[in-house]
Amino acid sequence: MAQSALFKPPRFSTMRVRVLSGLALAALVAGTIGPLLLPIDGMGGVMTMTRVLGLALAAAVAVGSPGWRYVAAGELDERERAERARAVVIGHRVTGISICLAYIWLLLAAPGRLWLPNMHEAGWLMAMLFWVHVMVPAVILAWRDRAEEE
Amino acid sequence: MMNNETSTLHNRLALFRAEAGLSRKELAEQVGVNPQTIGFLERGQYGPSLELGLKLARVFGVSVETLFSLEPFAPLAASLAAPRLVEGGR
């Protein structure tokens, strides 16, 4: 296939996906949720760098593991295809529930005078949700795999 | 739980593989799967497709029913002891 000939994505080891996804999640949560909860004035640059690092790591996980990305024919065996399909379904559910909760919060926020993010914060929250969504299948596959059998 | 995860399909893959002196990696290469998939099969965490079951049976030169069964296989010790008991009773 022309697509696979042009770009053959790397295949990270199970351990590498576990480590990178853990770091990505920590950086995304610390850089995005942290500033919303903690009074960390004057650290905007550090928080932005942390978020960008998290996004970069999440992108690496998404590309380096056959979770969300395109998978060439023959790249996975039948068991791996079944695992991947299951992981994508779980990821889809997690994202769906997250969007549903955000929607409920939006509905309740105005009458209840609850906190709402400004445009800047909402942008980063959406970015975090997207990259977590992209990363979840790869993370599930990595934690279901048995590294000692590689 | 994975779709193909099964509690009704039993197999003697580990036994045959050990007897043949094959590693998981070697067996996986012969049937065209990831070595981890052999581990999943041996632990009963994955029920193979008919095609994979037939490929595995072909590697060991046995029928697919010898390798896989819907009923639990008798323990190896019991299988070995049974003929001796019969002979001893003659």
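Just above sits the structure.
Calculation notes
- Residues numbered from 1 in each chain as written.
- Chains lettered and ligands numbered in written order.
- Predicted model: local features only at pLDDT ≥ 70, side-chain atom pairs only at ≥ 80, totals over all residues.
- Heavy atoms only, no water.
- Helix = DSSP H or I, 4+ residues; strand = E, 2+ residues; numbered from the N terminus.
- Buried < 20%, exposed > 50% of the residue type's maximum accessible area, 1.4 Å probe, protein only.
- Polar contact = N/O pair within 3.5 Å; in protein donor to acceptor, adjacent residues only side chain to side chain.
- Contact = heavy atoms within 4.5 Å.
- Core = buried A, V, L, I, M, F, W, Y, C linked by side-chain atoms within 4.5 Å.
- Buried area = accessible area lost by both parts, 1.4 Å probe.
- Nonpolar A, V, L, I, M, F, W, Y, C, P; charged D, E, K, R; others polar.
- Arc of directions from axis to C-beta.

What follows concerns the side chain of B:Gln45. All names here are of chain B. Here Gln45 shows up in the loop between α3 (35-42) and α4 (50-60). We classify Gln45 as buried; its relative accessible area is 19%. Polar side-chain contacts of Gln45 include one of 2.9 Å to the side chain of Arg43.

Turning to the environment of A:Arg146, a few remarks are in order. The topology assignment puts A:Arg146 in the segment after α6 (119-144). Between the C-alpha atoms of A:Arg146 and A:Thr14, which are 132 residues apart in sequence, the distance is 7.8 Å. Not counting chain neighbours up to four residues away, the residues in contact with A:Arg146 comprise B:Gln36, B:Arg43 and B:Gln45.

Our next topic: the environment of A:Ile33. All names here are of chain A. Looking at where Ile33 falls in the secondary structure, it is placed in the loop between α2 (14-32) and α3 (34-37). Using a relative accessible area of 25% as the deciding quantity, one classes Ile33 as partly exposed. Excluding residues within four positions of it along the chain, Ile33 makes contact with Leu28, Leu125 and Met128.

Glancing now at the nonpolar core. The biggest cluster of nonpolar side chains holds 17 residues, and the ones touching the most others in it are B:Leu13, B:Leu27, B:Ile38, B:Leu41, B:Leu56, B:Phe60 and B:Leu67. Taken together, the elements giving at least two residues each to this core come down to α1 (13-20), α2 (24-31), α3 and α4 of chain B. Look past the residues within four positions of B:Ile38 in its chain and what remains in contact with it is B:Leu13, B:Arg17, B:Arg24, B:Leu27, B:Ala28, B:Val31, B:Val33 and B:Leu56. The next biggest cluster of nonpolar side chains, apart from the first, holds 15 residues, and it includes A:Leu20, A:Leu28, A:Trp124 and A:Ala142.

Contacts between chain A and chain B engage 13 residues on the former and 19 residues on the latter. Here chain A meets chain B over a buried area of about 1400 Å², counting both sides, of which 43% is carbon and sulfur. Taken together, the links from chain A to chain B amount to six residue pairs in polar contact (both at pLDDT 80 or more). When residues in the side of chain A that touches chain B are grouped by element, the largest group, six residues, is from helix α5 (residues 78-112) of chain A. Of the residues assigned to the side of chain A that touches chain B, the class counts are one nonpolar, one polar and eleven charged.

Time to look at α2(B). All names here are of chain B. Those residues of α2 not exposed but buried are Leu27, Ala28 and Val31. Taken around the axis of α2, the buried residues stretch over an arc of 100 degrees, which confines them to a single face. α2 presents Lys25 and Glu29 as exposed residues on the side facing more than 90 degrees away from its buried surface. At its buried positions, α2 is contacted by α1, α3 and α4. Immediately downstream of α2, the backbone of Gly32 shows phi near 75 degrees, a positive value.

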